[in-house]
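Structural overview for review
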Amino acid sequence: MKQGNIGVTSENIFPVIKKFLYSDHDIFLRELVSNAVDATQKLKTLSSVGEFKGELGELNVSVRLDKEAKTLTISDRGVGMTAEEIDKYINQIAFSGAEEFLDKYKDDANAIIGHFGLGFYSSFMVSKKVEIYSQSYKEGSKAVKWSCEGNPDYTMEETTKADRGTDIVLYIDDENVAFLEESKITELLNKYCKFLPVPIAFGKKKEWKDGKEQETAEDNIVNNVEPAWVKKPADLTDEDYNKFYRELYPYGEEPLFHIHLNVDYPFNLTGILYFPKVKNNIELQRNKIQLYCNQVFVTDSVEGIVPEFLTLLHGVIDSPDIPLNVSRSYLQSDGNVKKISSHITKKVADRLQEIFKAERTEFENKWDSLKIFINYGMLTDEKFYERAVKFNLFKNTDGKYFTAEEYKTLVESNQTDKDGNLIYLYTNDAEQQFSYIEAAKAKGYGVLVMDGQLDVHLASMLEQKNEKSRYVRVDSDTIDNIILKENAATVELTANEQNALSSIFKAELPEDKENSYWVSFAALDAESMPVMITQQEFMRRMKEMAATQGGMMSFYGQMPNSYNLVVNTNHALIKRLLENTENSIGEKVNPINQQIAALKQMVETINEANKDKKDDEIAETDKELIKSNNDKVAALEKDKEALYKEFAKGEDMVRQLVDLALLANNMLKGEALSKFVKRSTSFI
Ligand code: ADP
Ligand code: MG
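Everything quoted here is computed from the prediction, not taken from an experiment. (Residues numbered from 1 in each chain as written. Chains lettered and ligands numbered in written order. Predicted model: local features only at pLDDT ≥ 70, side-chain atom pairs only at ≥ 80, totals over all residues. Heavy atoms only, no water.)

With respect to the overall build of the protein
Along the backbone of the protein there are 22 helices and 22 strands. In the protein, which comprises 684 residues, the proportion classed as buried is 48%. Sequence-distant contacts in the protein: of pairs separated by 6 or more residues, those separated by 24 or more amount to 70%. For the protein, the computed accessible surface area is about 35,300 Å², with 49% contributed by carbon and sulfur atoms. (Helix = DSSP H or I, 4+ residues; strand = E, 2+ residues; numbered from the N terminus. Buried < 20%, exposed > 50% of the residue type's maximum accessible area, 1.4 Å probe, protein only. Contact = heavy atoms within 4.5 Å. Areas by Shrake-Rupley, 256 points an atom, 1.4 Å probe, with all protein chains shown as cover.)

Here you go:
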């Protein structure tokens, strides 16, 4: 019997294992089973090249629980280890510069774990004692028993073993009795070992017999040794891909497309990615990609490993170049991982481009479910943006789809304004903005449907990337002003007339904390609406972005919605309203206007006389006169306002026009709506 001291050059690796790996000690089973699988694969290789000439026999790895002995045993019939090999691979945890490294990073558990592939030694996270029984495949070698109780001392002695291969026996410690439960081990095998390439047997298959569940003689194999991603794409049908998807996500909805990844240079990577139907809440969709290393599950939280938008995809990525037992921060800074990440982005874009080219109709059919994913990629990944502009689609209000280039060609000639800006009109609610869309169509303009979660952000980005292009919601101005082809027709109303209409309409607008209005004038066609409500693109978009973004943008979020009530000065009704105003309150208003004009005139004359004087050179009497005149003007304005208000109240037409404008925007609700209906009936 040999006694020795495990060759950690630094003090002792065990406290590190116990202490730092405590939170994730589930992985011990993954490590031991994958070692057993490695040993089995090695033997198969040796056999295939003729270095091992014996019978391979059944090569299953088996996991056994013994509740009474409180042991968990992992056995394989692989290459096994000779005493020398145990000494070399188990006893000498020989890492160059281990001491130095441990010292440098003694406060960073992840770095330590990352540096030492703890593999076999992770068994001590859950065991008070671990034994190895091993018999090498090599002819004439003797079976060895190794035993260690979680300290740097071990024993090694000759033993007898019936069979080739290795048994690892864990004596589970008292704090970890949970690992003696069948259900727990089943759960871990399912998580980490589901797709290992060698059959893993855990217990016996069960069957319902005579009203209860009974064990059969057949081994219960927990894994699928040949998952779809290791097969050749040519050997797989769409149905196979969908079947594999269900294997991964038993409750998932059928995916839209898949990509079979198969790279062997400059790194190895296989996998299948699926495009799910992305629901409106993208947060819920994350963390579905599973990362494997040679069919061993590593993690399903891949942020930092793949670009953020790709975390919306589902499926598996398998790469032996992604180190297995290292920390996340290590993974994120790993050069290989970065290369892998940009490669996947490229592949995803290529595949989408390919589907778009070959099966455009199908691509269009699925676009609505695909859109948010692609938009997200364009917004967050420059490289992806460059590729995606070629297949990113725009949908118009007739349900037709266009690429950016196609759409530009279509609308360029008609939708370029006098300053050379190409104006893209869009709606985010075709029903609510119906009348504006109709007005735009009447002009021969196209209207895009941009009602997705990321559309305002995308619009801003597209404006930045494409000079002289602007995205404007169809209700953000009158149709003539939205795409200004020549200077707008001038409004031929006097200041007093504008003032009158402004006061009259203001009196009837539903001003409140959330909504504010201002009145403006436009000389539109006589056939256009007499009054309409528009909402300026910039402010509205800022508010919308604030809703999804917060931070700096939340300033905009707190501002009221500001609307513009546009009065069409060429419309017969507006002309009539002005006449009515004159007829009913002209007698009272006109003298006030004259008084105001006179007072203002006087102020102006005084100012003119004093224009070259400094403030202290101006006579006190002049100053007083200006102040009193201004006060008088303010008081008169108030009187006038009151007159207009009174008039507006008695003139049903004003309220009716305001309500019609609100109604066109779906902004007329509740009591105001029912009053409108009553009023309208009385008109009939
Ligand atoms: P790694 O698997 O990363 O090499 P481990 O600590 O898991 O690190 O294993 C150390 C070494 O011990 C392995 O490389 C292998 O040579 C040997 N080994 C571990 N388990 C077995 C086994 N079941 N059969 C044969 N050799 C094994
Ligand atoms: Mg290992």
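Regarding the sheet that holds strand 12 (residues 289–293)
With respect to topology, five strands assemble into an open sheet ordered 10-11-14-12-13, the strand pairing being mixed. Of all strands in the sheet, those bounded by a partner on one side alone are strand 10 (257–263) and strand 13 (296–299). Looking at each pair of strands side by side, their axes are set apart by 20 degrees on average, direction ignored. Relative to strand 14 (residues 314–318), strand 11 (residues 269–275) runs antiparallel, the two sharing five bridges. In the sheet register, Y274 faces strand 14, and the bridge partner there is H314. (Pairing = 2+ DSSP bridges. Axes fitted to C-alpha atoms, helices over the stretch in contact; angles between N-to-C directions.)

Quick look at the nonpolar core
When a protein is soluble and globular, its nonpolar side chains tend to lie buried together. Core analysis: the largest hydrophobic core is formed by 59 residues, its most contacted members being V348, F363, F373 and I374. In this structure, V348 is in contact with I259, L273, F275, L310, L313, F373 and F384, ignoring residues within four places of it in sequence. Ranked by size, the runner-up nonpolar core spans 55 residues in total, among them F28, L188, Y192 and L236. (Core = buried A, V, L, I, M, F, W, Y, C linked by side-chain atoms within 4.5 Å.)

Remarks on the site of ligand 1
Taken together, 10 residues sit near ligand 1, with N35, A39, D76, G119 and F120 positioned nearest. A distance of 2.7 Å separates an oxygen atom of ligand 1 from a polar side-chain atom of N35. In the model, a nitrogen atom of ligand 1 is placed 3.4 Å from a nitrogen or oxygen of the T166 side chain. Contact with the protein chains covers 74% of the free accessible surface of ligand 1, which is 530 Å². Put simply, the parts of the chain that give the shell around ligand 1 at least two residues each are helix 2 (27–48) and helix 3 (83–91). Considered class by class, the residues forming the shell around ligand 1 number six nonpolar, three polar and one charged. (Near = heavy atom within 4 Å. Polar contact = N/O pair within 3.5 Å; in protein donor to acceptor, adjacent residues only side chain to side chain. Nonpolar A, V, L, I, M, F, W, Y, C, P; charged D, E, K, R; others polar.)

As for helix 21 (residues 652–664)
End to end, helix 21 covers 18 Å across 13 residues, agreeing with the expected 18 Å (1.5 Å per residue, within 8%). Every buried residue of helix 21 is accounted for by M653, V654, R655, Q656, L657, V658, D659, A661 and L662. (Expected span 1.5 Å × (residues − 1).)

Comments concerning the confidence of the model for the protein
For the protein, per-residue confidence averages 87 on the pLDDT scale, and residues scoring 70 or more make up 89% of the total. Throughout residues 94–98 the model reports pLDDT below 50, and contacts reaching past four residues in sequence, or to other chains, amount to five contacts. In the model, residues 109–115 has pLDDT below 50 throughout and makes 17 contacts with residues more than four positions away in sequence or in other chains. (pLDDT = per-residue confidence, 0-100.)

Points about unusual backbone geometry
Although it is not a glycine, Q295 sits at a positive phi angle of roughly 70 degrees. With respect to the secondary-structure elements, Q295 resides in the loop between strand 12 and strand 13. On the basis of relative accessible area, Q295 is assigned to the buried category, the value being 12%.

So, the sheet that holds strand 22 (residues 561–568)
Within a sheet, adjacent strands bond to each other through the backbone by hydrogen bonds, running parallel or antiparallel. Strand order across the open sheet formed by three strands is 20-22-21, with mixed pairing between neighbours. At either end of the open sheet lies a strand with only one pairing partner, and these are strand 20 (515–522) and strand 21 (531–535). Mean inter-strand twist for the sheet, computed between neighbouring axes without regard to direction, equals 30 degrees. In the sheet, strand 20 pairs with strand 22 via eight bridges, with the strands oriented parallel. Bridge assignment links A522 to a residue of strand 22, and that residue is N568. Those strands touched by helix 21 are strand 20, strand 21 and strand 22, and its axis lies near 40 degrees from that of strand 21.

Focus on the pattern of salt bridges
Taken as a whole and judged by the stated rule, the model has 41 salt bridges. For E412, the salt bridge goes to K408, with nearest N and O atoms at 3.9 Å. The exposure class of E412 is partly exposed, given its relative accessible area of 37%. Three or more residues joined by partner-sharing salt bridges are found here, namely E463, R473, D475, E537, R540, R541 and E544. (Salt bridge = Lys/Arg side-chain N within 4 Å of Asp/Glu carboxyl O.)

Details of a nonpolar patch on the surface
Side chains of L660, L663, L673 and V677 sit close together on the surface and give an oily, nonpolar patch of about 290 Å² of accessible area. When residues of the nonpolar patch are traced back to their parent elements, those giving at least two are helix 21 and helix 22 (670–683). Structurally, L663 can be placed in helix 21. (Patch = residues over 30% accessible without salt bridge, like charges linked within 9 Å, V, L, I, M, F, W, Y side chains within 5 Å.)

Quick word on the packing of helix 16 (residues 495–508) against helix 19 (residues 572–609)
Two elements in contact, helix 16 and helix 19, have axes separated by 10 Å at closest approach and are oriented at 105 degrees. By the angle between their axes, helix 16 is roughly perpendicular relative to helix 19. Of the residues in helix 19, those in contact with N496, E497, L501, I504 and F505 of helix 16 are I574, L577, L578, T581 and N593. Here the residues of the contact of helix 16 with helix 19 are counted per class, giving six nonpolar, three polar and one charged. (Parallel < 35°, antiparallel > 145°, perpendicular 65-115°, else oblique.)

Description of the environment of E651
Topologically, E651 is positioned in the loop between helix 20 (620–650) and helix 21. Residue class for E651 comes out buried when judged on its relative accessible area of 17%. Residues E651 and T581 lie 70 residues apart in sequence; the distance between their C-alpha atoms is 9.2 Å. Setting aside its immediate chain neighbours within four residues, E651 contacts L577 and N580.

Some thoughts on the pairing of strand 21
The buried count for strand 21 comes to five of five residues, which makes it a mostly enclosed element. The alternating pattern of strand 21 places V531, I533 and Q535 on one face and M532 and T534 on the opposite face, and all of these are buried. Pairing geometry for strand 21 and strand 22, over five bridges, is antiparallel. Directly across from M532, in strand 22, lies its bridge partner V566.

Overview of the environment of V222
Note that V222 resides in the loop between strand 9 (212–221) and helix 7 (238–248). Residues V222 and L196, spaced 26 residues apart in sequence, show a C-alpha to C-alpha distance of 9.5 Å. Dropping the residues within four chain positions of it, V222 is found in contact with L189, K194, I200 and F202.

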